Amino acid sequence: MGSLLNQKRPPVFCPGCSHERIVQALDDAFQRMGLAGRQIVLVSDIGCSGLFDTFFHTLAIHGLHGRALTYAIGLKMARPELTVVVTMGDGGMGIGGAHVMGACRRNLDITLLVLNNFNYGMTGGQSGPTTPQGAHGTTAPYGTFENPFNLPYLAASCGAPYVAR
């Protein structure tokens, strides 16, 4: 099976961002799995991770911030034969945190990729749920006071069968 990348919509991200490498790794994984585009659904919300569905020749659902997992769960329950991959940023993970916990508890065959840049980057660098304590941002000029979410620990504690960083 060949690449599923959309040559008419190459990924463009900020210099130094790892998202482009993640696009390549996802395409490599699809090829190794021997999947055709009609067998895959990319589900995304907003932000840079929300662009992923445009970079591939697959089925796609682009939804509301923090709600990508709700669409993915319904889709997987209705069409279990499809490979469902969710991309969301750390902001979507924070806003949809209860959905992350619920998806881990349900243990459906869904892949969740959280692209964590430790802030709300597309809206000016505001502190987010994974911003390290003490880090400065546009909404935390004196440093972030809260402890950040540790998503791998959260996912594992909710029953996700495979968690990696």
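S.K.: Help me understand the nonpolar core in this model?
M.R.: Formed by 21 residues in total, the largest nonpolar core has its most connected members in V43, V84, V86, M88 and V100. Elements with a minimum of two residues in this core: β1 (40-44), α2 (68-78), β3 (83-89), α4 (97-106) and α5 (151-157). Among the elements that take part in this core, α2 stands out by supplying five residues, more than any other. Among all residues touching M88, those that are not within four sequence positions of it are D45, S49, A68, L69, M93, V100, L112, L113, V114 and L115. Counting 14 residues, the second largest nonpolar core, distinct from the first, contains L5, F13, V23 and F30.

S.K.: Looking at this structure, how should I read the environment of L35?
M.R.: Inspection of the secondary structure puts L35 in the loop between α1 (19-33) and β1. As for L35 and G137, which are separated by 102 residues in sequence, their C-alpha atoms are 41 Å apart. What L35 contacts, discounting residues up to four positions off in sequence, is M1, L4, F30, I40 and T83.

S.K.: Could you clarify how one ought to interpret the layout of surface pockets in this entry?
M.R.: A probe as big as a water molecule, rolled over the atoms, marks out the empty space that is left. What the largest pocket holds in volume is close to 1,200 Å³. The wall of the largest pocket is formed by 41 residues, among which L112, L113, V114, Y162 and A164 lie closest to the centre. Where the lining of the largest pocket is concerned, the elements lending two or more residues are α1, α2, β3, α4, β4 (110-115) and α5. Its residues placed into classes, the lining of the largest pocket shows 31 nonpolar, eight polar and two charged. Roughly 250 Å³ of volume is contained in the second largest pocket.

S.K.: Hey, could you run me through α2 in this one?
M.R.: One turn of an α-helix holds 3.6 residues; hence residues three or four places apart share an orientation. Regarding α2, the residues found buried are A68, L69, A72, I73, L75 and K76. Down the axis, α2 shows its buried residues gathered within 170 degrees of arc, on one side only. Exposed and oriented more than 90 degrees from the buried face of α2 are M77 and A78. Buried residues in α2 make contact with β1, β2 (59-62), β3, α4 and β4.

S.K.: What is the right way to look at α1 in this model?
M.R.: Taking 1.5 Å of rise per residue, 15 residues should cover 21 Å, and α1 covers 21 Å from first to last C-alpha, within 8% of that figure. Every buried residue of α1 is listed here: H19, V23, L26, D27, A29 and F30. Buried residues of α1, seen end-on, are gathered within an arc of 160 degrees and therefore sit on one face of the element. For α1, the exposed residues lying more than 90 degrees away from the buried face are R21 and R32. On the buried face of α1, the contacting elements are β1, β3 and β4. Taken from the residues just after α1, G34 is the one with a positive phi, measuring 70 degrees.

S.K.: I would appreciate a short explanation of the state of the cysteines in the present structure.
M.R.: What makes a disulfide is a covalent bond joining the sulfur atoms belonging to two cysteines. Here the structure, examined in full by the defined rule, presents zero disulfides. Cysteine C14 shares no disulfide, and the gap to the nearest cysteine sulfur, in C48, comes to 6.0 Å. You can call C14 exposed: its relative accessible area is 57%. Here C158 is not disulfide-linked; the sulfur of C104 is the nearest cysteine sulfur, at 5.7 Å. With a relative accessible area of 16%, C158 lands in the buried category.

S.K.: Hey, could you run me through the confidence of the model for the chain in this one?
M.R.: Do not read the predicted coordinates in detail wherever pLDDT is low. Here the chain averages 92 in pLDDT, and 100% of its residues register 70 or above. When pLDDT is averaged over each helix and strand of the chain, the minimum, 84, is found for strand β5 (residues 119-120) and the maximum, 97, for β1.

Reading the values: rules and limits
- Residues numbered from 1 in each chain as written.
- Predicted model: local features only at pLDDT ≥ 70, side-chain atom pairs only at ≥ 80, totals over all residues.
- Heavy atoms only, no water.
- Core = buried A, V, L, I, M, F, W, Y, C linked by side-chain atoms within 4.5 Å.
- Buried < 20%, exposed > 50% of the residue type's maximum accessible area, 1.4 Å probe, protein only.
- Helix = DSSP H or I, 4+ residues; strand = E, 2+ residues; numbered from the N terminus.
- Contact = heavy atoms within 4.5 Å.
- 1 Å grid on protein atoms, 1.4 Å probe; cavity = no way out; pocket = protein on both sides within 12 Å on 5 of 7 lines; lining within 4 Å.
- Points joined across faces, edges and corners; volume = space filled by probe spheres on them.
- Nonpolar A, V, L, I, M, F, W, Y, C, P; charged D, E, K, R; others polar.
- Arc of directions from axis to C-beta.
- Expected span 1.5 Å × (residues − 1).
- Disulfide = S-S within 2.5 Å.
- pLDDT = per-residue confidence, 0-100.

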